[in-house]
Amino acid sequence: MTVLICGGAGYIGSHCIRIFAERGEDIVVLDNLETGHREALPAYVKFYHADIRDAKALSQVFEENQIEAVIHFCAYSLVGESVEKPLKYFDNNVGGMIAILQAMQKYGVNRMIFSSSAAVYGDPLHVPILETDETNPTNPYGESKRIMERMIDWVSKTSSLRYVSLRYFNVAGAASDGTIGEDHRHETHLIPLILQVPMGKREKLNIFGDQYPTKDGTCIRDYIHVEDLARAHWNALDYLRKDGQCMVCNLGSGLGYSVKEMITAAKNVTRFDIPVEVSQNRPGDPAKLVADIQKARNVLHWEPQHTSIEEIIETAWKWHRNHPNGYADK
Ligand code: UDP
């Protein structure tokens with residue numbers, strides 16, 4: 001039986017492929033390569049270059065392979081862009097979910113691992129955040145993920161579909177061997193942006209606000225290493241194979257680091273000075289987001305292994321240093 005990884009050429013999908021391959025899983029990948037990279041895919045993987053909303057292409061994948069489960073990573077994920085172009089997000093993210101669920105139903109495939117997001121919570125009432133806490137997204141990206149979560153849940157109530165929705169916190173780092181990593185055409189994430197300074201691509205880092213009600217005034221986030229995150233997807237599939245019930249589950253490290261702490265850690269790792277400038281708060285940024293990860297521990301039997309922020313930044317640094325132009329250097 002085969003696992004279909006939709007969006008496998010992306011940052012998280014490509015790390016997942018490695019973990020699944022190490023576990024002896026047979027994998028096929030579907031990706032439209034709009035934000036993913038062909039170079040991120042290993043040669044042994046069977047690859048379909050198609051959009052998830054293309055019903056004909058999906059039928060071909062399900063006809064040609066004995067698909068047992070779908071890992072669904074295909075989605076736009078830029079918060080700022082989602083505010084500017086909400087329909088683009090609903091079309092691709094929600095539309096893509098409809099298409100894949102229809103195909104799964106047509107071909108009798110009933111296991112899905114869905115990449116959801118902490119963005120479904122919005123501005124939390126308390127931290128650490130529990131899966132049972134209220135969801136109240138503050139931007140169309142988070143809203144699209146909440147709709148997608150709910151769609152799967154409704155479908156599961158009237159069919160044999162079983163799912164795990166994994167709510168990611170801040171995914172960071174790169175493969176420990178430095179061969180695959182983060183390469184976004186439009187970079188908005190903190191660690192890659194910090195590392196652009198020692199790479200000579202950026203003069204300084206803008207800190208988006210230093211007057212938040214946190215220990216040093218800058219926002220606190222929960223950074224989870226991409227390999228830890230990828231491993232949890234395999235555990236989630238294993239859980240469904242053992243007849244686990246549908247659920248949502250946070251994936252973070254359970255630890256919070258401020259923007260200033262991240263910059264200090266990056267200085268230690270790279271041994272470069274990283275000049276900063278404090279600018280305005282980024283609209284919609286909550287002061288503190290940290291996951292409660294007890295459920296992932298208990299139910300998925302999962303524990304993050306790369307919890308030192310220096311270690312996480314070290315892997316990202318290795319990737320960026322060896323590939324200053326991302327996959328264009330491969
Ligand atoms: N951030 C920052 N400067 C930047 C990029 C990000 O100060 O150039 C902050 C941002 O305000 C947030 C944290 O870094 O508090 C993480 O931002 P990122 O975009 O990486 O992830 P998010 O938490 O928005 O998903």
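Scope of this entry: the structure provided in the associated data block. (Residues numbered from 1 in each chain as written. Predicted model: local features only at pLDDT ≥ 70, side-chain atom pairs only at ≥ 80, totals over all residues. Heavy atoms only, no water.)

### With respect to the overall build of the protein
Here is step 1 of the chain: From N to C terminus, the protein includes 10 helices and 13 strands.
Here is step 2 of the chain: Taken over C-alpha atoms, the radius of gyration comes to 19 Å for the protein, in line with the 20 Å a tight globule of 330 residues would show.
Here is step 3 of the chain: If one aligns the C-alpha atoms of the protein with their principal axes, the spans along those axes are about 55 × 45 × 40 Å.
Here is step 4 of the chain: Long-range pairs, those at least 24 residues apart, make up 78% of the contacts in the protein with a sequence separation of at least 6.
Here is step 5 of the chain: Working note: accessible area of the protein is about 14200 Å², and carbon and sulfur atoms make up 49% of it. (Helix = DSSP H or I, 4+ residues; strand = E, 2+ residues; numbered from the N terminus. Rg over C-alpha atoms; globule rule 2.2 N^0.38 Å. Contact = heavy atoms within 4.5 Å. Areas by Shrake-Rupley, 256 points an atom, 1.4 Å probe, with all protein chains shown as cover.)

### Some remarks on the site of the ligand
Here is step 1 of the chain: Of all residues adjacent to the ligand, which total 15 residues, the nearest are Leu 190, Asn 206, Arg 221, Arg 282 and Asp 285.
Here is step 2 of the chain: Considering the ligand on its own, with 520 Å² of exposed area, one finds that the protein chains cover 88% of that surface.
Here is step 3 of the chain: At the level of elements, helix H6 (190-196) and strand S8 (205-208) are the ones that each hand at least two residues to the shell around the ligand.
Here is step 4 of the chain: The element best represented in the shell around the ligand is S8, accounting for 4 residues.
Here is step 5 of the chain: Grouping the constituent residues of the shell around the ligand by class yields 8 nonpolar, 4 polar and 3 charged. (Near = heavy atom within 4 Å. Nonpolar A, V, L, I, M, F, W, Y, C, P; charged D, E, K, R; others polar.)

### Observations regarding the packing of helix H2 (residues 55-64) against helix H4 (residues 86-106)
Here is step 1 of the chain: In contact at an axis separation of 10 Å, H2 and H4 are set at 35° when each is read in the N-to-C sense. Remark: the crossing between H2 and H4 carries right-handed chirality. Within the contact between the two elements, H2 uses Leu 58, Ser 59 and Phe 62 and H4 uses Ala 99, Ile 100, Ala 103, Met 104 and Lys 106.
Here is step 2 of the chain: Residues belonging to the contact of H2 with H4 are distributed by class as follows: 6 nonpolar, 1 polar and 1 charged. (Axes fitted to C-alpha atoms, helices over the stretch in contact; angles between N-to-C directions. Left-handed = near helix turned anticlockwise from the far one by under 90°.)

### Structural notes on the sheet that holds strand S1 (residues 2-6)
Here is step 1 of the chain: The 7 strands lie next to each other as S3-S2-S1-S4-S5-S6-S11, forming an open sheet whose pairing is parallel. Of all strands in the sheet, those bounded by a partner on one side alone are strand S3 (46-49) and strand S11 (247-251). Sheet twist, expressed as the mean angle between neighbouring strand axes with direction ignored, is 20°.
Here is step 2 of the chain: With 5 bridges joining them, S1 and strand S4 (residues 67-72) adopt parallel strand pairing. Its bridge partner lying in S4, Leu 4 is registered against Val 70.
Here is step 3 of the chain: Running at roughly 170° to strand S2 (residues 26-31), helix H1 (residues 11-22) makes contact with S1, S2, S4 and strand S6 (162-168) of the sheet. (Pairing = 2+ DSSP bridges.)

### Concerning the side chain of Ser 115
Here is step 1 of the chain: Note that Ser 115 resides in strand S5 (residues 111-117).
Here is step 2 of the chain: Those residues in contact with Ser 115, other than ones at most four positions away along the chain, are His 72, Phe 73, Lys 145, Leu 166 and Tyr 168.

### A look at helix H8 (residues 259-270)
Here is step 1 of the chain: Given a rise of 1.5 Å per residue, 12 residues ought to cover 16 Å, and the 16 Å separating the end C-alpha atoms of H8 matches this to within 8%.
Here is step 2 of the chain: Along H8, the residues classified as buried are Val 259, Met 262, Ile 263, Ala 265, Ala 266, Val 269 and Thr 270. When H8 is viewed along its axis, its buried side chains cluster within an angular range of 165° and face the same direction.
Here is step 3 of the chain: Count one or two residues on from H8 and you reach Arg 271, which has phi positive near 60°. (Expected span 1.5 Å × (residues − 1). Buried < 20%, exposed > 50% of the residue type's maximum accessible area, 1.4 Å probe, protein only. Arc of directions from axis to C-beta.)

### A look at the pattern of salt bridges
Here is step 1 of the chain: The final tally for this structure, using the stated rule, is 17 salt bridges.
Here is step 2 of the chain: Across the pair Lys 204 and Glu 277 runs a salt bridge, and its minimum N-O distance is 3.6 Å. Linking Lys 204 in the loop between H6 and S8 with Glu 277 in strand S13 (residues 276-279), this pair joins segments that are 73 residues apart in sequence.
Here is step 3 of the chain: The exposure class assigned to Glu 277 is partly exposed, which follows from its relative accessible area of 40%.
Here is step 4 of the chain: Its salt-bridge partner being Arg 297, residue Glu 303 comes within 2.7 Å of it at the nearest N-O pair.
Here is step 5 of the chain: The class for Glu 303 is partly exposed, based on a relative accessible area of 39%.
Here is step 6 of the chain: Taking relative accessible area as the criterion, Arg 297 reaches 28% and is therefore assigned partly exposed.
Here is step 7 of the chain: Through salt bridges with shared partners, a single ionic network connects Glu 25, Glu 68, Arg 111 and Arg 241. (Salt bridge = Lys/Arg side-chain N within 4 Å of Asp/Glu carboxyl O.)

### Structural notes on unusual backbone geometry
Here is step 1 of the chain: Of the consecutive residues Val 127 and Pro 128, the connecting peptide bond is found in the cis state with omega at -5°.
Here is step 2 of the chain: Take Pro 128: it is sitting in the loop between S5 and helix H5 (140-157).
Here is step 3 of the chain: In this structure, Leu 33 is a non-glycine residue whose phi angle is positive, near 60°.
Here is step 4 of the chain: If you trace the backbone, Leu 33 turns up in the loop between S2 and S3.
Here is step 5 of the chain: Not every positive phi belongs to a glycine, and Arg 271 is a case in point at roughly 60°.
Here is step 6 of the chain: Relative to the helices and strands, Arg 271 resides in the loop between H8 and S13.

### Regarding the packing of aromatic side chains
Here is step 1 of the chain: Tallying each qualifying case throughout the model produces 5 aromatic pairs.
Here is step 2 of the chain: Ring geometry for Tyr 121 versus Phe 169: centroids 6.4 Å apart, planes at 35°, classification tilted. Residue Tyr 121 is located in the loop between S5 and H5, and its partner Phe 169 is located in the loop between S6 and strand S7 (170-172); the two are separated by 48 residues in the primary sequence.
Here is step 3 of the chain: When its relative accessible area of 2% is taken as the criterion, Tyr 121 is described as buried. (Phe/Tyr/Trp six-rings, centres within 6.5 Å; stacked < 30°, edge-to-face > 60°.)

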